[in-house]
Amino acid sequence: MKLVFLGPPGAGKGTIAALAKEYFHIPHISTGELFRSHIKQHTPLGLQVEAILGRGDLVSDDITVEMVRLRLGEADAQAGFILDGFPRTIAQADALKELTALDAVLNFALEEEVIITRLSGRRVCKSTGKIYHLLYNPPKRDGFDDETGELLIQRDDDRPEAIHNRLEVYQRQTYPLIEYYRSRGLLLDIDASGTPEEVFAAMRDALNS
Ligand code: AMP
């Protein structure tokens, strides 16, 4: 199953992808995670993109497409994958078309008010990437990861200034992809306002129908 997860930041793509990965036995490829891992390891690419991610702007298409091309070439991605956060521009979608065919594009839709609440309450464990929410999915011990006991952090781009920029960038650059994929008969609309389990069930139903 070759899937793309589309939707605004905060729609829960990462959380649903974690469930879908187990269910379909395919890798979850998040371009945001790949960039964050480069930043954490201080690679040349990491140094190049760190400020861009902090502001909530998009990394250039060339750099992003090349990173995805390499990742999709790895053995575990041959039978299928979930691309989360890629493509984000029409140019990236055109480039992806040259790399591989897709089975479906899931469009996780959510109102802006809910997005802001979700993003501003999000906390993550830096080493495992596990996602929590202060209100909806709090850790067992306030501020600390359930498994590792590490202090949870707020992503720089989940701070208010960056959130507004990311939503603007989404509207301008990524939103047009909905029509792009709809017109190609690949788009499935998913209401992303429920719990992760509800949204995942809706996604499975949509893929089955
Ligand atoms: P995410 O974790 O998907 O919200 O991505 C975090 C950040 O990584 C974004 O705000 C961008 O700065 C960068 N990024 C992730 N995916 C892409 C992409 N497909 N194109 C350009 N920049 C990206």
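Treat the numbers as computed from the prediction; the structure is a model and nothing was measured.

Participant: Quick question: what am I supposed to make of the packing of helix α4 (residues 61–72) against helix α5 (residues 90–99) here?
Facilitator: Between two packed helices, the angle of one axis relative to the other and the distance separating the axes together describe the packing. At a minimum axis distance of 10 Å, the contact between α4 and α5 shows a crossing angle of 25 degrees. By the angle between their axes, α4 is roughly parallel relative to α5. The way α4 lies across α5 gives a crossing that is right-handed. Between α4, through Asp61, Thr64, Val65, Arg69 and Leu72, and α5, the contact on the second element is made entirely by Ala91, Gln92, Ala95, Leu96 and Leu99.

Participant: What is the right way to look at the site of the ligand in this model?
Facilitator: In the vicinity of the ligand there are 16 residues, among which Thr31, Asp57, Gly85, Arg88 and Gln92 approach most closely. Arg36 is positioned with one of its side-chain polar atoms (N or O) 3.0 Å from an oxygen atom of the ligand. At 3.3 Å, a side-chain N or O of Arg166 approaches an oxygen atom of the ligand. Contact with the protein chains removes 96% of the 480 Å² of surface that the ligand exposes when unbound. If one sorts the elements of the shell around the ligand by residue count, helix α2 (residues 31–40) sits on top with four residues. Partitioning the shell around the ligand into residue classes produces five nonpolar, five polar and six charged.

Participant: How should I be thinking about the pattern of salt bridges in this particular structure?
Facilitator: Opposite charge on two side chains permits pairing when their charged atoms draw close. Going through the model one piece at a time under the given rule, you end up with 14 salt bridges. Here Asp157 makes a salt bridge to Arg166, at a shortest N to O gap of 3.8 Å. We note a salt bridge from Asp189 to Arg182, for which the minimum N-O separation is 2.8 Å. The exposure class assigned to Asp189 is partly exposed, which follows from its relative accessible area of 44%.

Participant: How should I be thinking about the packing of aromatic side chains in this particular structure?
Facilitator: Aromatic rings considered in pairs are described by the distance between their centres and by the relative angle of their planes. Summed over all chains, the structure comprises five aromatic pairs. Between the aromatic rings of Tyr23 and Phe200, the centroid separation amounts to 5.5 Å while the plane-to-plane angle is 80 degrees, which identifies the pairing as edge-to-face. With Tyr23 in helix α1 (residues 13–24) and Phe200 in helix α9 (residues 196–208), the pair connects residues that are 177 residues apart, well separated along the chain. For Tyr23, a relative accessible area of 45% corresponds to the partly exposed category.

Participant: Just checking my understanding: could you explain the packing of α2 against helix α3 (residues 44–55) for this structure?
Facilitator: At a minimum axis distance of 8 Å, the contact between α2 and α3 shows a crossing angle of 120 degrees. Accordingly, the angle class assigned to the pair α2 and α3 is oblique. The element α2 and its partner α3 pack so that their crossing is left-handed. Contacts between α2 and α3 involve Gly32, Phe35, Arg36, His38 and Ile39 on the former and, on the latter, Leu45, Gly46, Val49, Glu50 and Leu53. In terms of residue class, the contact of α2 with α3 is built from five nonpolar, three polar and two charged.

Procedures and definitions
- Residues numbered from 1 in each chain as written.
- Predicted model: local features only at pLDDT ≥ 70, side-chain atom pairs only at ≥ 80, totals over all residues.
- Heavy atoms only, no water.
- Axes fitted to C-alpha atoms, helices over the stretch in contact; angles between N-to-C directions.
- Helix = DSSP H or I, 4+ residues; strand = E, 2+ residues; numbered from the N terminus.
- Parallel < 35°, antiparallel > 145°, perpendicular 65-115°, else oblique.
- Left-handed = near helix turned anticlockwise from the far one by under 90°.
- Contact = heavy atoms within 4.5 Å.
- Near = heavy atom within 4 Å.
- Polar contact = N/O pair within 3.5 Å; in protein donor to acceptor, adjacent residues only side chain to side chain.
- Areas by Shrake-Rupley, 256 points an atom, 1.4 Å probe, with all protein chains shown as cover.
- Nonpolar A, V, L, I, M, F, W, Y, C, P; charged D, E, K, R; others polar.
- Salt bridge = Lys/Arg side-chain N within 4 Å of Asp/Glu carboxyl O.
- Buried < 20%, exposed > 50% of the residue type's maximum accessible area, 1.4 Å probe, protein only.
- Phe/Tyr/Trp six-rings, centres within 6.5 Å; stacked < 30°, edge-to-face > 60°.

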